[in-house]
Amino acid sequence: MADPQHDPQHAVELRNVVKRFGAFTAVHAMDLNVERGSFVTFVGPSGCGKTTTLRMIAGLEDATDGDIRIKGQRVNDVPIHKRNLGIVFQNYALFPHKTIYENVAFGLKYRAVDRETARKKVREALQLVQLPHLEERVPKQLSGGQQQRIALARAIVIEPDVLLLDEPLSALDANLREEMRVELKRIQRELGISTIFVTHDQSEALAMSDKVVVMSEGWIEQEGTPEQVYNQPASEFVANFLGISNIFSGQVQAVSGGIARLGLDDGPELLGHPRDGRAARQGERVRLAVRAEKVFLSESAPSDDPAAVVLDGKVTAVDYQGQAARYFVEAGPLTLQAINPIDRRPFHEGQPVKLRIRAQDVVLLDADAHQSAAAKAAAE
Amino acid sequence: MTVRGPTGWTFIKIATVLTYVFMFAPVAVVMLLAFNASQFGSFPMTGLSVRWFVELAQNDAIIRAFQTSMILGALTAVISTSIGVCASLAMVRYDFPGKNLLNTALIAPILVPEVVLAVSLLLFLQFLSMPKNFVLLLLGHVIFTLPFVVLVVQARLVGIRKEYEEAALSLGANPFQTFFQVTLPLLMPAVAAGMLFAFTISFDDITGTLFWKPPGVETVPTQIFAMLRNSISPEINALGTVMIILTVALPLTGAGLARWLASRRGG
Ligand SMILES: Nc1ncnc2c1ncn2[C@@H]1O[C@H](COP(=O)(O)OP(=O)(O)OP(=O)(O)O)[C@@H](O)[C@H]1O
Ligand SMILES: [Mg+2]
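Residues numbered from 1 in each chain as written. Chains lettered and ligands numbered in written order. Predicted model: local features only at pLDDT ≥ 70, side-chain atom pairs only at ≥ 80, totals over all residues. Heavy atoms only, no water.

**Some remarks on the overall build of chain B**
The number of helices and strands found in chain B is 11 helices and zero strands. Each helix (α) and strand (β) of chain B, taken in turn from the N terminus, gives the series α-α-α-α-α-α-α-α-α-α-α. Overall size of chain B, expressed as C-alpha extent along the three principal axes, is 70 × 70 × 35 Å. A burial count over chain B gives 37% of its 267 residues as buried. Within chain B, contacts between residues at least 6 apart in sequence are counted, and of these 68% link residues at least 24 apart. For chain B, the exposed surface amounts to about 15,100 Å²; the carbon and sulfur share of it is 73%. Across chain B, the 15 positively charged side chains and the 11 negatively charged ones have centroids separated by 8 Å. (Helix = DSSP H or I, 4+ residues; strand = E, 2+ residues; numbered from the N terminus. Buried < 20%, exposed > 50% of the residue type's maximum accessible area, 1.4 Å probe, protein only. Contact = heavy atoms within 4.5 Å. Areas by Shrake-Rupley, 256 points an atom, 1.4 Å probe, with all protein chains shown as cover. Lys, Arg positive; Asp, Glu negative; His and termini not counted. Charge placed at Lys NZ, Arg CZ, Asp CG, Glu CD.)

Here is the structure:
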């Protein structure tokens with residue numbers, strides 16, 4: 001019981017949580033804290049274990065190993081109906097045989113709430129999701145967006161310790177999704193409810209979260225603020241999963257004044273800026289990433305900047321996207337992608353250009369978490 | 001004018017019509033003769049009358065048989081459906097060793113000829129050296145109707161997404177409350193259909209019943225069977241008519257009711 005590590009300030013704590021289905025490990029030794037009142041998003045490709053992790057927290061799936069804590073209390077052996085969680089499912093899962101009012105009031109039946117208070121709470125919840133006038137309808141008389149709002153009202157009316165959402169927006173069409181995203185964020189802020197949100201849509205993850213947890217093959221690749229995971233990807237996987245990145249291999253040639261000189265394999269040199277907590281040693285072989293929108297193209301040589309490298313290149317293909325364009329550029333042996341806003345008119349195919357890459361935009365990567373873990377396991 | 005020979009389709013149509021005529025003509029004749037005024041079933045009918053129905057209502061043996069059938073049918077329906085719903089839940093919602101075997105065992109009674117089932121249950125009883133009694137008869141009917149209930153309920157249960165139950169659990173309902181608040185209401189059309197099936201099948205079963213019934217107890221079908229051995233009374237036509245109406249009208253009413261309920265509550 002007395003565990004020095006656990007902190008009741010965390011809404012959810014995972015310690016070394018493992019989930020195996022037979023011989024297959026869906027979630028590997030997962031450690032995670034969800035701070036109270038924060039919005040945490042699990043993002044990753046299909047099959048990476050997002051849903052499985054969420055279901056273990058919910059109590060819909062047993063953890064094979066490890067500890068799951070909610071508000072500091074170990075819940076591994078607490079059945080779902082005693083965990084006080086709000087869950088919103090991808091397909092809403094509103095009870096089709098009950099009215100909207102009955103749906104929202106459902107959870108209050110199993111709590112010491114008298115009839116009058118229940119009525120008041122349901123009204124407030126419906127007000128919060130901006131659908132106060134549908135009480136007497138049944139779910140099939142509602143649109144998808146409305147059903148999703150009711151599902152949210154049903155989950156929050158019980159004042160859960162944690163709100164769990166598994167791809168709640170993916171069944172909605174694009175416009176509605178945008179609108180619901182804003183709405184959901186507003187409600188979460190207003191209530192200050194600790195929330196775990198699962199998605200495989202990176203823009204959703206970046207737009208909504210206090211903390212993004214990027215997962216791959218059952219491992220956490222990186223966790224951090226949206227800004228951290230986007231601008232300082234820890235591994236090649238993260239760099240490629242969020243947005244478009246140029247990835248190179250090279251060697252650290254010298255480090256001075258916090259800036260590393262990096263020699264790309266049979267290519268030019270770049271200047272790099274080791275990420276916080278990631279020191280670069282001279283002679284070390286590294287992988288590096290440069291975001292496509294951080295490769296700046298120009299017709300003439302830009303002003304001299306000691307912390308940037310300028311390469312000569314040629315546009316080989318243009319992907320016009322309206323206010324911006326994606327260019328494929330050849331620079332010596334390298335092929336890069338660059339996404340630049342369009343100033344007057346886009347560069348055209350075959351046009352010679354200068355590429356400017358700033359040291360602060362060159363990120364030194366670690367090996368992918370799932371790969372290094374596998375290598376470690378093999379070495380043991 | 002061109003005369004076309006009967007094509008394949010018209011041949012099939014004729015065959016179908018004939019099949020139905022052969023199947024239903026006797027039934028129609030029985031129902032018609034039930035209203036015949038004269039003692040002897042022959043055409044043309046001498047007049048219309050309901051005297052055979054009146055006599056039916058005054059025949060103690062038939063009334064008793066009717067009561068037995070109703071009680072037996074109702075008990076079979078309730079027991080069979082209860083067991084069937086539990087079994088289906090276990091089959092569809094949970095994983096356990098020997099699941100396939102149990103599933104086959106539950107369905108087996110409709111694959112085995114009824115006579116074989118009847119005799120084996122009887123032999124089993126003898127092996128336990130127990131006398132034939134009403135409980136055995138009931139047991140036989142339950143075993144015999146269970147597969148129908150299980151098939152109907154399982155089919156519906158597969159279609160009910162697990163998320164409904166998971167949502168109820170997450171909101172604080174325990175597994176029992178979840179079952180009665182969510183699963184059972186959503187399962188209701190199948191439960192009602194299963195009950196009707198069980199009742200109707202029990203109500204007009206004769207093969208098994210002949211083996212299992214204790215001496216002196218008659219159900220409507222065995223009563224008709226007994227009456228036929230003595231003489232062909234027009235009362236039998238009337239009784240047959242009553243049975244036909246019951247076994248046809250009951251499921252139809254049930255189906256209608258289920259549809260009406262579904263349309264009201266959005267099942
Ligand atoms: N009940 C189960 N039995 C066996 N394997 C399972 C089971 N549930 C999930 N898995 C496996 O575990 C892995 C993780 O599944 P999970 O549903 O958590 O993925 P996900 O990240 O939610 O993916 P998606 O984005 O497609 O929803 C997958 O490879 C899946 O096949
Ligand atoms: Mg999933």
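Having seen the model, we can carry on.
**Considerations on the overall build of chain A**
Across its full length, chain A carries nine helices and 20 strands. With respect to the three principal axes, the spread of C-alpha positions in chain A is 75 × 55 × 35 Å. Expressed as a percentage of the 380 residues in chain A, the buried residues total 52%. Only carbon and sulfur atoms are counted for the fraction: they give 47% of the accessible area of chain A, which is about 17,500 Å². Of the side-chain charges in chain A, 45 are positive and 51 negative, and the distance between the mean point of each set is 5 Å.

**Topic: the layout of surface pockets**
All names here are of chain B. When its volume is computed, the largest pocket comes out at roughly 730 Å³. Around the largest pocket sit 23 residues that line it, and Arg93, Tyr94, Glu165, Leu169 and Pro175 are the ones nearest its centre. Of all the secondary-structure elements, those providing two or more residues to the lining of the largest pocket are helix H3 (60-93), helix H7 (162-170) and helix H8 (175-203). The biggest single contributor to the lining of the largest pocket is H8, with six residues. (1 Å grid on protein atoms, 1.4 Å probe; cavity = no way out; pocket = protein on both sides within 12 Å on 5 of 7 lines; lining within 4 Å. Points joined across faces, edges and corners; volume = space filled by probe spheres on them.)

**Some details on the domain arrangement of chain A**
All names here are of chain A. According to the domain assignment, chain A contains domain 1 (10-231) and domain 2 (236-379). Placing the centre of domain 1 and that of domain 2 at their C-alpha centroids yields a distance of 37 Å. Each partner contributes to the interface: domain 1 provides 16 residues, whereas domain 2 provides 13 residues. Carbon and sulfur atoms supply 64% of the area buried between domain 1 and domain 2, which totals about 1,300 Å² over both sides. Of all residues in domain 1, the largest losses of buried area upon contact with domain 2 belong to Trp219, Glu221 and Tyr230, amounting jointly to 40% of the total for that side. Where domain 1 meets domain 2, there are zero salt bridges. If you look at where domain 1 meets domain 2, you find four residue pairs in polar contact (both at pLDDT 80 or more). Broken down by secondary-structure element, the contributors of at least two residues to the side of domain 1 that touches domain 2 are strand S9 (211-216), strand S10 (219-224) and helix H7 (226-231). Broken down by element, the side of domain 1 that touches domain 2 gets its largest block of residues, four residues, from S10. Residues belonging to the side of domain 1 that touches domain 2 are distributed by class as follows: eight nonpolar, six polar and two charged. (Domains from an automatic or database assignment. Buried area = accessible area lost by both parts, 1.4 Å probe. Salt bridge = Lys/Arg side-chain N within 4 Å of Asp/Glu carboxyl O. Polar contact = N/O pair within 3.5 Å; in protein donor to acceptor, adjacent residues only side chain to side chain. Nonpolar A, V, L, I, M, F, W, Y, C, P; charged D, E, K, R; others polar.)

**Focus on the nonpolar core**
Val104, Leu152, Leu164 and Ile196 of chain A are the most contacted members of the largest nonpolar core, which has 103 residues in total. Broken down by element, the residue count for this core peaks at 10 residues, all from H8 of chain B. Formed by 30 residues, the second largest nonpolar core is a distinct cluster that contains Leu264, Val295, Ala359 and Val362 of chain A. (Core = buried A, V, L, I, M, F, W, Y, C linked by side-chain atoms within 4.5 Å.)

**Considerations on the site of ligand 1**
Residue and element names in this part refer to chain A. Around ligand 1, the neighbouring residues are Phe21, Phe24, Ala26, Ser46, Gly47, Cys48, Gly49, Lys50, Thr51, Thr52, Glu167 and His200. Contact distances for ligand 1 include 2.9 Å between an oxygen atom and a side-chain N or O atom of Lys50. A distance of 2.5 Å separates an oxygen atom of ligand 1 from a polar side-chain atom of Thr52. Look at ligand 1: alone it shows 630 Å² of surface, and the protein chains cover 59% of it. Elements that contribute at least two residues to the shell around ligand 1 include exactly strand S2 (24-35) and helix H1 (50-58). When the residues that make up the shell around ligand 1 are grouped by side-chain class, the tally is four nonpolar, six polar and two charged. (Near = heavy atom within 4 Å.)

**Points about empty space enclosed by the protein**
Residues and elements named next belong to chain A. Tallied over the entire structure, the rule returns one cavity of 30 Å³ or more. Its volume calculated, the largest cavity comes out at about 30 Å³. Looking at the largest cavity, the residues that line it are Val88, Gln148, Leu152, Leu165, Pro168, Leu169, Met180 and Leu184. Mapped by element, the contributors of at least two residues to the lining of the largest cavity are helix H4 (144-156) and helix H5 (174-191). Tallied by class, the residues present in the lining of the largest cavity amount to seven nonpolar, one polar and no charged.

**With respect to the sheet that holds strand S16 (residues 308-320) of chain A**
Residue and element names in this part refer to chain A. With antiparallel pairing, the five strands of this open sheet are ordered in space as S15-S19-S16-S17-S18. Edge strands, defined here as strands with exactly one partner in the open sheet, are strand S15 (296-298) and strand S18 (334-341). When the angles between neighbouring strand axes are averaged without regard to direction, this sheet yields 45°. Bridge count between S16 and strand S19 (residues 352-358): seven bridges; the pairing is antiparallel. The partner of Val310 across the bridge, within S19, is Arg356. (Pairing = 2+ DSSP bridges. Axes fitted to C-alpha atoms, helices over the stretch in contact; angles between N-to-C directions.)

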